[in-house]
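# Inside the fold
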Amino acid sequence: MLYIGVMSGTSLDGLDIALIEQDEQLRLLATHYIPMPADLRQELLGLCASGPDEIARACLAENRWATLAAEGIAHLLAAQGVPAEAIRAIGSHGQTVRHEPARGFTVQIGNPALLAELTGICVVGDFRRRDVAAGGQGAPLVPAFHDALFSHLGQRLAVLNVGGFSNLSLIDPVTPVHGFDCGPGNVLLDAWIERKRGLPFDADGAWAARGQVIDELLGRLLADPFFAGSGPKSTGREVFNLPWLDGHLSALASYRDEDVQATLLELTARSIVDSLSNAQPGTQALLVCGGGARNGALMRRLAELLPATQVASTAAYGIDPDWVEAMAFAWLAHCCLERIPANRPSVTAAKGLRILGAIYPA
């Protein structure tokens, strides 16, 4: 059975599209990436906060998002010589514009009905709201997928996804998988370098590596109540954003921009390591995926903070770190159609196992 996964994360850099084959095992067959158009990125960012005419703006933005996804899917299928009729379903994450499970809602836009219409393929979308309806956080949803991929290793390990935000999947041979969001991943690092240097991201963490951690600032950032709580928990741009950072910077007498970047990288690393050490001491291996796996400075810092743990990209285990989340949503579409519960109450605190997703037939 062939599935396509489409993932657009909080970094808003673009759409990851993965073609997988699912039978007894899952295999990644092909991938395609579409950069996010600058104007659409700005509109999606704007929708993360209240604004004028936001319902109409959200509808127009999700139509553009679905059209972009359909174009990418068509390109991928043509390049592989695979007809649309061969694809059982598309698992579409959509674009998160609000995530407030404490208030009982999470919103991912992406018009799966339009995506089904444009591609002629069944689409499964809206994966998170059923878990929230069952009292859960709606995130992270990837731990069940990580468990399916890596539990055969038989180790006490963790899978770390570092996108806009970071989340951990904790896999132990003798206990059910659990996991949670750790805090900001790339979201503040990207926002700060875009503000100060006009760049979309800090390539390899090179700018952060030139700076020095500001201990006073780091202490203020880590004092946020989010970091004190243990999982299940999730977070988003509603909590961690540039105004949040600016509020803490205002208490400093002076600072260098590169030192702020170094401190933000340390915040990402420390929040991950503290979370892992508290939730699963004695972890043998940390497998890193997402954009953070390409940040050499972050990977080195994680290894320094975890000297007894093997820290490596998922590439070392045969899975390209850039495509894990897109693969996960293809797998979630499979679970939905097969009526396999794909949330994990140990991760999200939902009342029980639930089948996730809404189906839009071709």
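From a predicted model like this one, the values you see are computed outputs, not experimental measurements. (Residues numbered from 1 in each chain as written. Predicted model: local features only at pLDDT ≥ 70, side-chain atom pairs only at ≥ 80, totals over all residues. Heavy atoms only, no water.)

## A few points about the packing of aromatic side chains
Under the definition given, this model contains eight aromatic pairs. Judged by centre distance (5.7 Å) and plane angle (80 degrees), the ring pair of phenylalanine 226 and phenylalanine 240 falls under edge-to-face. With phenylalanine 226 in helix H9 (residues 225–228) and phenylalanine 240 in the loop between H9 and helix H10 (242–249), this pair connects stretches of sequence that are 14 residues apart. Pair check on accessibility: phenylalanine 226 and phenylalanine 240 agree, each one buried. Here the aromatic cluster, defined as three or more aromatic residues joined through ring pairs, consists of Phe226, Phe227, Phe240 and Trp244. Of note, lysine 233 hangs over the ring of phenylalanine 226, and the distance from its end group to the ring centre comes to 4.2 Å. (Phe/Tyr/Trp six-rings, centres within 6.5 Å; stacked < 30°, edge-to-face > 60°. Helix = DSSP H or I, 4+ residues; strand = E, 2+ residues; numbered from the N terminus. Buried < 20%, exposed > 50% of the residue type's maximum accessible area, 1.4 Å probe, protein only. Lys NZ or Arg CZ within 6 Å of the ring centre and 35° of its normal.)

## Some details on the nonpolar core
Of all hydrophobic cores here, the largest spans 45 residues; its most connected members are Leu168, Leu245 and Leu286. Of the residues forming this core, the biggest block, eight residues, is contributed by helix H11 (residues 257–279). The next biggest cluster of nonpolar side chains, apart from the first, holds 36 residues, and it includes Ile20, Leu149, Leu332 and Cys335. (Core = buried A, V, L, I, M, F, W, Y, C linked by side-chain atoms within 4.5 Å.)

## Quick word on the sheet that holds strand E13 (residues 358–360)
With mixed pairing, six strands are arranged side by side in an open sheet as E3-E2-E1-E4-E7-E13. The open sheet has two edge strands, strand E3 (26–35) and E13, and neither has a second partner. Here the strands of the sheet are splayed against their neighbours by 20 degrees on average, with no regard to which way each runs. Pairing between strand E4 (residues 87–92) and strand E7 (residues 123–125): two bridges, direction parallel. Following the sheet pairing, glycine 91 is matched in E7 by valine 124. Together, strand E1 (2–7), strand E2 (14–22), E3, E4, E7 and E13 form the strand contacts of helix H13 (residues 324–337), whose direction differs from that of E1 by roughly 125 degrees. (Pairing = 2+ DSSP bridges. Axes fitted to C-alpha atoms, helices over the stretch in contact; angles between N-to-C directions. Contact = heavy atoms within 4.5 Å.)

## Let's talk about the domain arrangement of the protein chain
The assigned domain composition of the protein chain is domain 1 (2–138 + 322–360) and domain 2 (142–317). Contacts between the two partners involve 26 residues from domain 1 and, on the opposite side, 24 residues from domain 2. Both faces combined, the contact of domain 1 with domain 2 buries some 2,100 Å², and carbon together with sulfur accounts for 59% of it. It is Thr10, Val324 and Val347 that lose the most area in domain 1 upon contact with domain 2, and together they represent 27% of the buried surface on that side. If you look at where domain 1 meets domain 2, you find two salt bridges. Notably, a salt bridge pairs arginine 294 with aspartate 322, separated by 2.8 Å at the nearest N-O pair. Our count for the contact surface shared by domain 1 and domain 2 stands at seven residue pairs in polar contact (both at pLDDT 80 or more). With five residues, the top contributor of residues to the side of domain 1 that touches domain 2 is H13. (Domains from an automatic or database assignment. Buried area = accessible area lost by both parts, 1.4 Å probe. Salt bridge = Lys/Arg side-chain N within 4 Å of Asp/Glu carboxyl O. Polar contact = N/O pair within 3.5 Å; in protein donor to acceptor, adjacent residues only side chain to side chain.)

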